[in-house]
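Single-letter residue listing:
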Amino acid sequence: AQRVTQPEKLLSVFKGAPVELKCNYSYSGSPELFWYVQYSRQRLQLLLRHISRESIKGFTADLNKGETSFHLKKPFAQEEDSAMYYCALSGLNSGNTPLVFGKGTRLSVIA
Amino acid sequence: IAGITQAPTSQILAAGRRMTLRCTQDMRHNAMYWYRQDLGLGLRLIHYSNTAGTTGKGEVPDGYSVSRANTDDFPLTLASAVPSQTSVYFCASSKGGRGANVLTFGAGSRLTVL
């Protein structure tokens, strides 16, 4: 079964401090991992996906198959990063298997 | 503007009433999804459709039904609403196939069942 665990419901950091939002997964096959974000009064949107291996808005995430993790990191948090972040999982090359989301972590960046 | 339109934006409903949440997309995406968002529980999949004419059950399908008569529309029906169905409902779509997991979301429908 697919499962995504985000252990922190709320994470508060000061502006300029490093941020790490944790995500662990359980999946028997080859996983495809995503981070989706919901800013205040905006729609849920894709932030990044592991196969793209890119940095979006200063955020990066590396898939660690040994630790079954896909933590989201940013070296210096900005106030505009305050949002709800969801880690999501599907199977690579699984065709049309829907995404499974974690419970989300609310990031609050304090000025 | 291309995207997903959900209606209504917000609704208060008496328990036992029937309610249909509407979802329309104009991106010609093959796959569509309904999720509910609850505090502390995150996003949970209710039903999905990989292509017009087909539907599938998600994690929490009980009390809900869907239909996919065409590519653009994917309504979600609560046959007899109960208070536990109070939630924010999100419709989403994706191209399907290898692009299946890049979802475009609607703005959400906030439903309160009293």
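Placed above this text is the structure.
Rules behind the numbers
- Residues numbered from 1 in each chain as written.
- Chains lettered and ligands numbered in written order.
- Predicted model: local features only at pLDDT ≥ 70, side-chain atom pairs only at ≥ 80, totals over all residues.
- Heavy atoms only, no water.
- Disulfide = S-S within 2.5 Å.
- Helix = DSSP H or I, 4+ residues; strand = E, 2+ residues; numbered from the N terminus.
- Buried < 20%, exposed > 50% of the residue type's maximum accessible area, 1.4 Å probe, protein only.
- Pairing = 2+ DSSP bridges.
- Axes fitted to C-alpha atoms, helices over the stretch in contact; angles between N-to-C directions.
- Salt bridge = Lys/Arg side-chain N within 4 Å of Asp/Glu carboxyl O.

Draft legend 1. How the structure looks around the state of the cysteines. Inspection of every chain in the model, using the stated rule, returns two disulfides over all chains. With its sulfur 2.0 Å from that of its partner, C23(A) forms a disulfide with C87(A). Every disulfide takes its handedness from the sign of the S-S torsion; for C23(A) and C87(A) that torsion is -65 degrees, giving left-handed. With C23(A) in the loop between β3 (19-21) and β4 (24-26) and C87(A) in strand β9 (residues 83-91), the pair connects residues that are 64 residues apart, well separated along the chain. The same class applies to C23(A) and to C87(A), which are both buried. Between the sulfur atoms of C23(B) and its disulfide mate C91(B) the distance is 1.9 Å. Disulfide C23(B)-C91(B): torsion about the S-S bond near -75 degrees, hence left-handed. Residue C23(B) is found in strand β3 (residues 19-25), and its partner C91(B) is found in strand β9 (residues 87-94); the two are separated by 68 residues along the sequence. Taking relative accessible area as the criterion, C23(B) reaches 2% and is therefore assigned buried. Here C91(B) falls in the buried class, since its relative accessible area comes to 0%.

Draft legend 2. The sheet that holds strand β1 (residues 4-7) of chain B, seen in detail. All names here are of chain B. In space, the four strands of this open sheet follow the order β1-β3-β8-β7, with antiparallel pairing throughout. Each edge of the open sheet is held by one strand with a lone partner, namely β1 and β7 (64-66). If you compare each strand with its neighbour and ignore which way they point, the axes differ by 15 degrees on average. Bridging between β1 and β3 involves four bridges; their strand directions are antiparallel.

Draft legend 3. View of the pattern of salt bridges. Residues and elements named next belong to chain A. In the structure shown here, the tally under the stated rule is seven salt bridges over all chains. In this structure, R49 and E32 form a salt bridge, with 2.7 Å as the shortest nitrogen-oxygen distance. Here R49 is found in strand β6 (residues 45-49), whereas its partner E32 is found in strand β5 (residues 31-38), with 17 residues between them in sequence. Neither residue differs from the other here; R49 and E32 are each classed as buried.

Draft legend 4. Region of interest: the sheet that holds strand β7 (residues 60-61) of chain A. All names here are of chain A. Read across the sheet, three strands follow the order β3-β8-β7 without closing on themselves; strand pairing throughout is antiparallel. The strands lining the two open edges of the sheet, one partner per strand, are β3 and β7. In terms of strand pairing, β3 meets strand β8 (residues 72-74) through three bridges, oriented antiparallel. Each residue of the ladder has a partner; that of L21, found in β8, is L72.

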